[in-house]
Amino acid sequence: MTKINILAINAGSSSLKYKLFLFDKSKDEINLVSKGSITEITSPTSSQFTAKIISSNTKISKSLNIQTHEKAFSHILSYLLDTIINSKEQIKYIVHRIVHGTTESQPIILKSDSSPSKELSKLDSLSELAPLHNHSSVLILKSCLKELSNSINYAFFDTLFHQSIKPHIYTYALPYDEAKQKRIRKYGFHGLSYSYVSKVAAKHMGIDLNDDNSKFICLHLGSGASMCAIRGGKSVDTTMGLTPLEGLPGGTRSGLIDPCAIFHFSSKARKGDESHHPVDKQFHLTEAESILNHNSGFKGLCGTSDFSEIVKQIQDTTNGSENSNSSINKERAKLTFDIFINRIVNYIGSYFVTLEGNVSALIFTGGIGENNKELREAVAEKIKCLGFKSVDKERNKSVEELFKSGKDVVDISSGSTENFRLLVIETDEEKEMVNQLISKI
């Protein structure tokens, strides 16, 4: 068999994305055949299904009533069988992005005929560390094992890329023996994205990724946001920790805060009473996790988790006037923007020192990193003192158009330099899983 269909699955807390690739072994070539997603799974109103067949540029978009990830996968599979593939047997491999794998150093292989229940239970047990994602991934794995019983499943972990981080960086200053027993330490996430964009950046710059002088500071900025320092193709440090909550704020996540701050939400203090009041002992950890995971970040600060809307409201000259239709306070929107920039540049400074200077490139990726020119310009202005240039404003404005024209890297640096480049790279976690799979089969 010279041509192999590989299905890539990326399950979110309320979404399911897929990409179908065709690997031609004779040409050592990978081509994207189809991609799509179902969003707003579990929504009380409706889910949205979008899909595209690449060769014919055929697109579909429609509303559905889908309440579970299993039904979402069944719908995607039915769509593929109706439009592209003739039988389930044509899907040889399925690759899955799993957010949390603790210290797993290799992908896990699951087959229907090899009693995968132990591996599934292990993955599901990690849901408490990645409550928004891991359980959804396990549900999809079970569906794949049932509906595509002849396929071979590979579970790739977002934590795997960060296994190179050294103990003095991943260890928390907590009671050592108990923390080790309970596996409480920094793990890091977005590893598939960092692995992909660092390879693309090194190729673009014509440098050896594995050379010790290859140094990247990567910003994966989206509703979930993190950063990573990479040297010689390996993760040196990253902002997310035991869970995706640590580090940068995101759409609904708080990012790094004083650990005691959350418990003061339960304080019994009355308005106008400045005396000390103890924390409510009935305040449950799940309530704290809910506030930090779902009601904080951009949403908690200004009422929306949509960063593009925040930027839009900052620029809206009518916001704050009687003619404004916005429910977002302009001052709060500006505060949210400034907080995000501040946290980002603080980590850039830290990672600049960690990498011992002379950084090859700063890489913007993820939904916000790839699409928000205002953020890229603001970050670049703050880090000129480190040796980076300002952005080329025309190229910075044209990033989305250049991506649509087929480019996967856009250099937005003003002026040419050997190092200290500002790169915008369209990440592709699904393709990275396929690339890693092909190196193993």
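Calculation criteria
- Residues numbered from 1 in each chain as written.
- Predicted model: local features only at pLDDT ≥ 70, side-chain atom pairs only at ≥ 80, totals over all residues.
- Heavy atoms only, no water.
- Core = buried A, V, L, I, M, F, W, Y, C linked by side-chain atoms within 4.5 Å.
- Buried < 20%, exposed > 50% of the residue type's maximum accessible area, 1.4 Å probe, protein only.
- Helix = DSSP H or I, 4+ residues; strand = E, 2+ residues; numbered from the N terminus.
- Contact = heavy atoms within 4.5 Å.
- UniProt positions renumbered as here; feature names shortened; annotations may be inferred.
- Polar contact = N/O pair within 3.5 Å; in protein donor to acceptor, adjacent residues only side chain to side chain.
- 1 Å grid on protein atoms, 1.4 Å probe; cavity = no way out; pocket = protein on both sides within 12 Å on 5 of 7 lines; lining within 4 Å.
- Points joined across faces, edges and corners; volume = space filled by probe spheres on them.
- Nonpolar A, V, L, I, M, F, W, Y, C, P; charged D, E, K, R; others polar.
- Domains from an automatic or database assignment.
- Axes fitted to C-alpha atoms, helices over the stretch in contact; angles between N-to-C directions.
- Parallel < 35°, antiparallel > 145°, perpendicular 65-115°, else oblique.
- Left-handed = near helix turned anticlockwise from the far one by under 90°.
- Pairing = 2+ DSSP bridges.

Some details on the nonpolar core
In terms of nonpolar packing, the biggest core is built from 42 residues, with Phe340, Ile344, Leu362, Leu375 and Val379 touching the most fellow members. At 10 residues, helix H10 (residues 330-354) tops the list of elements feeding residues into this core. When sequence neighbours within four positions are dropped, the list of residues in contact with Phe340 reads Leu221, Ala225, Leu248, Pro249, Phe298, Phe307, Ile368 and Leu375.

Quick word on the UniProt feature "site: Transition state stabilizer" (unreviewed entry) in the protein chain
The sites that carry the UniProt feature "site: Transition state stabilizer" (unreviewed entry) are, in the present numbering, His190 and Arg253. Note that His190 resides in the loop between helix H5 (176-181) and helix H6 (191-205). Here His190 is in contact with Arg97, Asp158, His220, Gly224, Ala225, Ser226, Met240 and Glu429, once residues within four sequence places are set aside. Counting through the fold element by element, Arg253 comes out in the loop between strand S11 (234-238) and helix H7 (285-294). For Arg253, a relative accessible area of 10% puts it in the buried group.

Brief notes about the UniProt feature "binding site: ATP" (unreviewed entry) in the protein chain
Sequence positions flagged by UniProt for "binding site: ATP" (unreviewed entry) are, in local numbering, Lys17, His220, Leu221, Gly222, Ser223, Gly224, Gly367, Ile368, Gly369, Glu370 and Asn371. Within the element layout of this structure, His220 appears in strand S9 (residues 215-220). On the accessibility criterion, His220 (8% relative accessible area) is buried. Looking at His220, its side chain comes within polar contact range of the side chain of Ser193, at 2.9 Å. Within the element layout of this structure, Asn371 appears in helix H11 (residues 366-371). The partly exposed category is assigned to Asn371, whose relative accessible area is 40%. Sequence-distant contacts of Asn371, defined by excluding residues within four places in its chain, comprise Arg376 and Glu400. A distance of 2.7 Å separates the side chain of Asn371 from the backbone oxygen of Gly367, its partner in a polar contact.

Notes on the layout of surface pockets
If you add up the space inside the second largest pocket, you get close to 1,000 Å³. As for the second largest pocket, its lining consists of 26 residues, of which Leu242, Thr243, Leu245, Glu289 and Leu292 are closest to the centre. The element contributing the most residues to the lining of the second largest pocket is H7, with 5 residues. Looking at the lining of the second largest pocket residue by residue, the classes come out as 16 nonpolar, 5 polar and 5 charged. Viewed by domain, the lining of the second largest pocket spans two of them, domain 1 (3-157) and domain 2 (207-255 + 296-429), each represented by three or more residues.

Section: the packing of helix H9 (residues 307-315) against H10
Between H9 and H10, the least distance of the axes is 8 Å, while the angle of their chain directions is 125°. Relative to H10, the element H9 lies oblique. Like other packed secondary-structure pairs, H9 and H10 cross with a definite hand, here left-handed. Of H10, the residues touching H9 (which contributes Phe307, Ile310, Val311, Gln313 and Ile314) are Lys330, Ala333, Lys334, Thr336, Phe337 and Phe340. For the contact of H9 with H10, the per-class residue count stands at 7 nonpolar, 2 polar and 2 charged.

Structural notes on the sheet that holds strand S6 (residues 91-98)
By way of backbone hydrogen bonds, the strands of a sheet pair with one another, either parallel or antiparallel. Pairing is mixed across the open sheet formed by 8 strands, whose spatial order is S5-S4-S3-S2-S1-S6-S8-S7. In this open sheet, the two edge strands, each paired with only one partner strand, are strand S5 (58-64) and strand S7 (108-110). The sheet shows a mean angle of 20° between the axes of neighbouring strands, taken without regard to direction. Pairing geometry for strand S3 (residues 29-39) and strand S4 (residues 47-53), over 6 bridges, is antiparallel. Within the sheet, the bridge partner assigned to Lys35 lies in S4 and is Lys52. Along the sheet face, helix H3 (residues 134-147) touches strand S1 (3-11), strand S2 (16-24), S6, S7 and strand S8 (152-157) and points at about 170° away from the line of S6.

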